[in-house]
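# Descriptive analysis of the structure
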Amino acid sequence: MDLRVIDKSDTELSIEIAGEDHTFMNVLKGALLETEGVTAATYDMNPEQSGGQTDPVLTIKSEAGVDALDALEDGTDRVVAKADSFTEAFEAA
């Protein structure tokens, strides 16, 4: 997975995530919205509205005092934990 930072401030982060689709981006966005301190999380992958861009661009906005990059780390940790929990439940079934 290739990541490219497009814009970063203390409370906002926009990154391009190469090679991903709606499946992964929706899971990541959902986990970010459950993360404390995140006020908004969205992604765009519509080439017609984005000047031809085809890889999704994730945008995270956070509360003052919460670094958007730290929030991304917390959100990805949440995705890993959910995937591990699902794997354990599947194997137990």
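No experiment lies behind these values; they were computed from the predicted model shown. (Residues numbered from 1 in each chain as written. Predicted model: local features only at pLDDT ≥ 70, side-chain atom pairs only at ≥ 80, totals over all residues. Heavy atoms only, no water.)

### A short note on the confidence of the model for the chain
Put simply, the rule is: Confidence of the predictor in every single residue is expressed as pLDDT, which spans 0 to 100. Going along the chain from the N terminus, every DSSP run of H or I of four or more residues is numbered as a helix, and every run of E of two or more is numbered as a strand.
Per-chain confidence: the chain averages 90 in pLDDT, with 92% of residues scoring 70 or above. No element of the chain has a lower mean pLDDT than strand S1 (residues 2-8), at 93, and none a higher one than strand S4 (residues 57-62), at 96.

### Some words on the packing of aromatic side chains
To keep it simple, the criterion reads: Centres within 6.5 Å make a pair out of two Phe, Tyr or Trp rings, where for Trp the six-membered ring is used; the pair is then stacked when the planes are under 30 degrees apart, edge-to-face when over 60, and tilted otherwise. Each residue gets one of three labels from its accessible area relative to the maximum for its type: buried under 20%, exposed over 50%, partly exposed in between, using a 1.4 Å probe on protein chains only.
In total, this model carries one aromatic pair according to the counting rule given. Pairing Phe86 with Phe90 gives two aromatic rings, centres 6.3 Å apart and planes at 25°, and the pair type is stacked. Taken together, the residues Phe86 and Phe90, both in helix H2 (residues 68-92) and four residues apart, mark about one turn of the helix. Note on Phe86: relative accessible area 58%, which makes it exposed.

### Regarding the packing of helix H1 (residues 22-33) against H2
Applied cut-off: Only C-alpha atoms enter the line fits that serve as axes; for helices the fit covers just the stretch in contact. Angles between N-to-C directions range over 0 to 180 degrees. To sort the angles, those under 35 degrees are grouped as roughly parallel, those over 145 as roughly antiparallel, those from 65 to 115 as roughly perpendicular, and the leftovers as oblique. For a crossing to be left-handed, the near helix must be turned anticlockwise from the far one by less than a right angle; the clockwise case is right-handed. Whether two residues are in contact is decided by their heavy atoms: any pair within 4.5 Å suffices. Classes in brief: Ala, Val, Leu, Ile, Met, Phe, Trp, Tyr, Cys and Pro nonpolar; Asp, Glu, Lys and Arg charged; the others, Gly included, polar.
Two elements in contact, H1 and H2, have axes whose closest approach is 8 Å; the angle formed by their N-to-C orientations is 115°. In terms of their interaxial angle, H1 and H2 are classed as roughly perpendicular. Regarding H1 and H2, the two cross each other, and that crossing is right-handed. On the side of H1, the interface is formed by Val27, Leu28, Ala31 and Leu32, while H2 contributes Ala71, Leu72, Gly75, Thr76, Arg78 and Val79. For the contact of H1 with H2, a count of residues per class yields seven nonpolar, two polar and one charged.

### Observations regarding the pairing of strand S2 (residues 12-18)
Keep this limit in mind: Any two strands with at least two DSSP-identified bridges between them are counted as paired.
Buried residues dominate S2, accounting for five of its seven residues. Remark: three residues form the turn of the hairpin made by S1 and S2, two consecutive strands paired antiparallel. As judged from the five bridges shared by S2 and S4, these two strands associate in the antiparallel manner. Each residue of the ladder has a partner; that of Leu13, found in S4, is Ile60.

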